[in-house]
Protein chains: 2
Amino acid sequence: MSATFPAKPRIAIVGAGALGCYYGARLAKAGNEVHFLVRSGRAAIVARGIRVKTPAERFHLKKVLAHATAEDIGPCDLVIVSVKATANAALARILPPLIGPNTLVLTLQNGLGVEEPVAEVVGGERVLGAICFVGVTRTAPGVVTCAFPGLVMLGEFGRPAQSRTRDVAARFEAAGVKCEAQDNLEELRWKKLVWNVPFNGLAIAAGGVTTDVIMADEGLRTLVRRLMEEILEAAAKFGHAIPRSFMDLQFERTTKLGRYQPSSLIDFREGRAIELEEIWGEPVRRAKSVGVPVPRLEMLYWLIKRALAARPAGKKR
Amino acid sequence: MSATFPAKPRIAIVGAGALGCYYGARLAKAGNEVHFLVRSGRAAIVARGIRVKTPAERFHLKKVLAHATAEDIGPCDLVIVSVKATANAALARILPPLIGPNTLVLTLQNGLGVEEPVAEVVGGERVLGAICFVGVTRTAPGVVTCAFPGLVMLGEFGRPAQSRTRDVAARFEAAGVKCEAQDNLEELRWKKLVWNVPFNGLAIAAGGVTTDVIMADEGLRTLVRRLMEEILEAAAKFGHAIPRSFMDLQFERTTKLGRYQPSSLIDFREGRAIELEEIWGEPVRRAKSVGVPVPRLEMLYWLIKRALAARPAGKKR
């Protein structure tokens, strides 16, 4: 694992959803050898490539290396896991053929406890994680619109950033994706929960509402703050001192979003999988494991779980 | 207030909903002089009377004394308030003409803090309250079906039962309504909340579900217990020692109910008023006033409040 990370790495993108298509296409366009492992919509991507639209540009990646199996791809320098955490059971089968002696595996998944399932398959020492602050939607197979390019915060699983972390970040930067190597991935994940837990959660549990509705409702707005406080208290017990001013920042940021539909609400409405365990379940379990009561967070978890169970068959979790 | 309560009292029923029609018709059938103050549907009740269907019998009260104003009724021995607590603002206007020197005013309303608005108008010393364990629905003006006759628990506002309390209970019993005079009305109200808060509340907040769904969902079932524990803890601070076995009893009872639609859910779905403040808001405020944290109860209160706000205009509480 001490080899230098190559300047033009061989990259596998596991999953061709919005994130996979967007980052994969950018990395390919920058000259990297990018292989996509695509479960559904592969024929369309092979035939028509990947089209990306951003506020600044449009581009068309005509020739896409799209594969049906990991064996067809073989070992890579970097494997980017961009399937939802809810599909993680398949990783034990998908990842091994992609791993060589120096392969790094980067998961872009949301929530807490998403590096662990990857580490179980490939070993923790090659695992990286990233938090993607980005607004990107897939409108058809291989067709993505990026409304908000944002940035990627990249870190090592259980370790501070290393030279290889900065190397990977540099490849993203070279591909036109703002990317920062960070020393404390775990803390970043807790910080992202400060927004995701209340807003993604209440958007679903309060009957399908946008963030402006939550902000305008006195009870829900107070509840958001109480949920944030529970997250902060739990994070603090794990050594992550998130200042209370970070909560205020979230409120300010959310006010500016206006009538915003959190991604989990979109997924919920469209019958897609939701990271129930990673965003709500795992934080509850971790908080309880260190004796921090999180009654509202747990209640929210149960209500979302119930809402998911009530969706039509085949659309659950 | 020391006069003996008459054997055949003159009674005013304020409100001709399910409870008002049912108890009023029973009391009239038993030979009491019962006057109904009816806001809507009066013509139908005058023309066709009140029809009652119970598991054991059917009866038709043909001649109903239905009035449009309290002035038309005048002073009574007993005034039964059977409008929803959400209509309490009108009591200051409705009650005074019905009050004589020895008039008792009995409120059948649900929740906490329902005697106080009556006491503000007529003075606390003449106020009684009752908790009605009954399943009765109004299908049309003056037409009620009683699926479960149950019983009425009757008490004094802030005092133990007196001889007059037992007198009133006896009038109910004579009219075929099982009725017990109780020494601690306030404690009874907390006990009723042990069921009403979680089941009526989650039926609405969990997306419109019947009790069997709540009981079958592990998260919701656990949440019911946590909510009950919060109620018990708050009640205990007010000197009401409700044993934990009372919770188990509620679970047993609810299992037997099967696919039961709590009354608040029916009201919610039909766009009718819901006792948001009496069942959820007031317990939160009282618990906080004595330093008992009730995070789940408060969250439930906010979620129901939001659900009510989301109903179409004109249906809001």
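Analysis parameters
- Residues numbered from 1 in each chain as written.
- Chains lettered and ligands numbered in written order.
- Predicted model: local features only at pLDDT ≥ 70, side-chain atom pairs only at ≥ 80, totals over all residues.
- Heavy atoms only, no water.
- Contact = heavy atoms within 4.5 Å.
- Buried area = accessible area lost by both parts, 1.4 Å probe.
- Salt bridge = Lys/Arg side-chain N within 4 Å of Asp/Glu carboxyl O.
- Polar contact = N/O pair within 3.5 Å; in protein donor to acceptor, adjacent residues only side chain to side chain.
- Helix = DSSP H or I, 4+ residues; strand = E, 2+ residues; numbered from the N terminus.
- Nonpolar A, V, L, I, M, F, W, Y, C, P; charged D, E, K, R; others polar.
- Disulfide = S-S within 2.5 Å.
- Buried < 20%, exposed > 50% of the residue type's maximum accessible area, 1.4 Å probe, protein only.
- Least-squares fit on C-alpha atoms with pLDDT ≥ 70 in both.
- Domains from an automatic or database assignment.

Enquirer: Just checking my understanding: could you explain the interface of chain A and chain B for this structure?
Expert: Tallying the contact residues gives 17 residues for chain A and 17 residues for chain B. Contact between chain A and chain B buries roughly 1,700 Å² in total, counting both sides, with carbon and sulfur atoms accounting for 76%. Area buried by chain A at its contact with chain B is led by Met 299, Trp 302 and Arg 306 of chain A, which between them contribute 40% of it. Here chain A is connected to chain B by 0 salt bridges. For the pair chain A and chain B, the interface holds 0 residue pairs in polar contact (both at pLDDT 80 or more). Among the elements that make up the side of chain A that touches chain B, the one with the highest residue count is helix α13 (residues 295-309) of chain A (7 residues). Considering only residue class, the side of chain A that touches chain B consists of 12 nonpolar, 2 polar and 3 charged.

Enquirer: What exactly am I supposed to notice about the state of the cysteines here?
Expert: Disulfide: a covalent bond connecting the sulfur atoms of a pair of cysteines. Residue and element names in this part refer to chain A. Counting across every chain of the model gives 0 disulfides over all chains. The closest cysteine sulfur to the non-disulfide-bonded Cys 146 is located on Cys 132, 11 Å from its own sulfur. Take Cys 179: it sits in no disulfide, and the sulfur closest to it among the cysteines is that of Cys 132, at 8.6 Å. Looking at Cys 179, the relative accessible area reads 7%, which means it is buried.

Enquirer: Looking at this structure, how should I read the side chain of Glu 230 of chain B?
Expert: Residues and elements named next belong to chain B. Inspection of the secondary structure assignment puts Glu 230 in helix α9 (residues 218-237). A distance of 2.9 Å separates a polar atom in the side chain of Glu 230 from the backbone nitrogen of Leu 297. Once residues lying within four places of it in the same chain are set aside, the contact partners of Glu 230 are Pro 293, Val 294, Pro 295, Arg 296 and Leu 297.

Enquirer: Sorry if this is basic, but what is going on with the relation of the copies chain A and chain B here?
Expert: In the superposition of chain A on chain B (RMSD 0.1 Å, axial shift 0.0 Å), the rotation amounts to 179°. Such a turn and shift between the copies fits a two-fold axis. When C-alpha distances to the rotation axis are compared across chain A, the minimum falls at Arg 296 of chain A, with a value of 3.0 Å.

Enquirer: Help me out: how do you make sense of the domain arrangement of chain A in this one?
Expert: Note: interface size is frequently given as the accessible area lost on complex formation between the parts. Residue and element names in this part refer to chain A. Taken domain by domain, chain A holds domain 1 (10-183) and domain 2 (188-309). Together, Lys 84, Asn 110 and Leu 112 form the three largest contributors to the area buried by domain 1 at its contact with domain 2, with a combined 46%. At the boundary of domain 1 and domain 2, one finds 3 salt bridges. On the surface where domain 1 and domain 2 come into contact, there are 9 residue pairs in polar contact (both at pLDDT 80 or more). Of all the secondary structure elements, the ones that give two or more residues to the side of domain 1 that touches domain 2 are α5 (115-122) and β8 (127-140). For the side of domain 1 that touches domain 2, the leading source of residues is β8, giving 5 residues. When its residues are assigned to classes, the side of domain 1 that touches domain 2 shows 8 nonpolar, 8 polar and 3 charged.

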